[in-house]
Amino acid sequence: MRAYLYDNLEGDQRLPHDSGVAVDTDALKDLGVLYYRFSDIEGVDKLAAERGYKNRDEITVSPEKMGAAYEDKVKMFFAEHLHEDEEIRYIRDGYGYFDVRNKGDQWVRIHLEKDDLLILPAGIYHRFTTDETNYIHAMRLFKDEPKWTPLNRSEDLNGNQHRQAYVSQFLK
Ligand code: KMT
Ligand code: NI
């Protein structure tokens, strides 16, 4: 895992867009973003049990797997959004970028690789993209029903209780 401020320059979303300003795991924690590394599934099972994540599935995002839909999917994942639940991803293979908004509303880019596990809190604005390798295989964990509803960023979400809870816990 490596995290840094996004450079906001034009260019494909899958390029590194590294501004050269590093962001450490403590700064991520201040945003409610938790990072773990597990070389085997036992560690993940333990975390899942502790946090009450009962269900999981696996997803592969690649042109091989998704065919012609790949480019559209990747653009869709990159629309800024939030969820009303935590988003937990355990990377099994390949690479991906999760971008999250910091306290100043700048993008922090988090590059993940195999064995990285990332927890995004409910209510944080974020987006996802593959990197230049165009391949990621990830495990998605969830508490009950798989629910991936992305709520795209909008003023209308200012009154959303999950957004408000996130703002008062982490952005004040
Ligand atoms: C997400 O939340 O954007 C995704 O599920 C993307 C694939 S998981 C690496
Ligand atoms: Ni999401």
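Not measured: the values here are computed from a predicted model.

(A) Expanded view of the overall build of the chain. Across its full length, the chain carries five helices and eleven strands. Rg of the C-alpha trace for the chain: 15 Å, near the compact-globule value of 16 Å for 172 residues, within the 12% margin. For the chain, the spread of C-alpha atoms along the principal axes amounts to about 40 × 40 × 30 Å. Put simply, 73% of the contacts in the chain that link residues at least 6 apart link residues at least 24 apart. The distance from the centre of the 24 positive side-chain charges to the centre of the 33 negative ones in the chain is 3 Å.

(B) Main features of the environment of Glu-10. Assignment of secondary structure puts Glu-10 in the loop between strand S1 (2–6) and strand S2 (18–22). Residue class for Glu-10 comes out exposed when judged on its relative accessible area of 80%. Sequence separation between Glu-10 and Val-44 is 34 residues; the distance between their C-alpha atoms is 37 Å.

(C) Structural context of the pattern of salt bridges. For the coordinates displayed, the defined rule picks out 18 salt bridges. Glu-86 serves as the salt-bridge partner of Arg-51, at 2.8 Å between the closest nitrogen and oxygen. Of this pair, Arg-51 sits in helix H2 (residues 41–51) while Glu-86 sits in the loop between strand S5 (81–82) and strand S6 (87–101), and the two are 35 residues apart along the sequence. We classify Arg-51 as partly exposed; its relative accessible area is 29%. On the basis of relative accessibility, which here comes to 23%, the residue Glu-86 falls in the partly exposed class. The partner of Arg-109 in a salt bridge is Asp-99, and the shortest N-O contact between them spans 2.8 Å. Note that Arg-109 is positioned in strand S7 (residues 107–113) and Asp-99 in strand S6, a separation of ten residues in sequence. Put simply, Glu-80, Arg-101, Asp-105 and Arg-153 are held in one network by salt bridges that share partners.

(D) Looking closely at the coordination of the nickel ion (ligand 2). Within the first shell, the nickel ion (ligand 2) binds the protein through His-81 (NE2), His-83 (NE2), Glu-87 (OE) and His-126 (NE2), at distances of 2.0 to 2.1 Å. The coordination sphere of the nickel ion (ligand 2) comprises four donor atoms, whose angles at the metal cover 77 to 170°; the geometry is irregular. Binding-site remark: the nickel ion (ligand 2) is held by donors from one chain whose sequence spacing is H-x1-H-x3-E-x38-H. Placement of the pair is His-83 in the loop between S5 and S6 and His-126 in strand S9 (residues 126–130), with a sequence separation of 43 residues. Both residues of the pair, His-83 and His-126, count as buried.

(E) Structural context of empty space enclosed by the protein. Taken as a whole and judged by the stated rule, the model has one cavity of 30 Å³ or more. What the largest cavity holds in volume is close to 40 Å³. The wall of the largest cavity is formed by Arg-101, Asn-102, Asp-105, Ile-124, Tyr-125, Arg-153, Arg-163, Tyr-166 and Leu-171. When its residues are assigned to classes, the lining of the largest cavity shows four nonpolar, one polar and four charged.

(F) Just the site of ligand 1, in detail. Near ligand 1 you find Val-61, Phe-77, Glu-87, Arg-89, Phe-98, Phe-128, Ile-136 and Ala-138, and these make up its full shell. Taking Glu-87, its side chain carries an N or O atom lying 2.7 Å from an oxygen atom of ligand 1. Relative to its unbound accessible surface of 290 Å², ligand 1 loses 96% to contact with the protein. Using a 2 Å cut-off from the grid points, one finds that ligand 1 occupies the largest pocket. Listing elements by their share of the shell around ligand 1, those giving two or more residues are S6 and strand S10 (136–142). Here the shell around ligand 1 gets three residues from one element, more than from any other, and that element is S6. Residue classes in the shell around ligand 1 are distributed as six nonpolar, no polar and two charged.

Criteria and thresholds
Residues numbered from 1 in each chain as written. Chains lettered and ligands numbered in written order. Predicted model: local features only at pLDDT ≥ 70, side-chain atom pairs only at ≥ 80, totals over all residues. Heavy atoms only, no water. Helix = DSSP H or I, 4+ residues; strand = E, 2+ residues; numbered from the N terminus. Rg over C-alpha atoms; globule rule 2.2 N^0.38 Å. Contact = heavy atoms within 4.5 Å. Lys, Arg positive; Asp, Glu negative; His and termini not counted. Charge placed at Lys NZ, Arg CZ, Asp CG, Glu CD. Buried < 20%, exposed > 50% of the residue type's maximum accessible area, 1.4 Å probe, protein only. Salt bridge = Lys/Arg side-chain N within 4 Å of Asp/Glu carboxyl O. Donors = N, O, S within 2.8 Å, 3.2 Å for Na, K, Ca; no water. Tetrahedral: all angles 85-135°; square planar, octahedral: opposite > 155°, others 65-115°. 1 Å grid on protein atoms, 1.4 Å probe; cavity = no way out; pocket = protein on both sides within 12 Å on 5 of 7 lines; lining within 4 Å. Points joined across faces, edges and corners; volume = space filled by probe spheres on them. Nonpolar A, V, L, I, M, F, W, Y, C, P; charged D, E, K, R; others polar. Near = heavy atom within 4 Å. Polar contact = N/O pair within 3.5 Å; in protein donor to acceptor, adjacent residues only side chain to side chain. Areas by Shrake-Rupley, 256 points an atom, 1.4 Å probe, with all protein chains shown as cover. Sits in = over half its atoms within 2 Å of the grid points.

It is worth stressing that arrangement in space is one thing and function is another; only the former is reported here.
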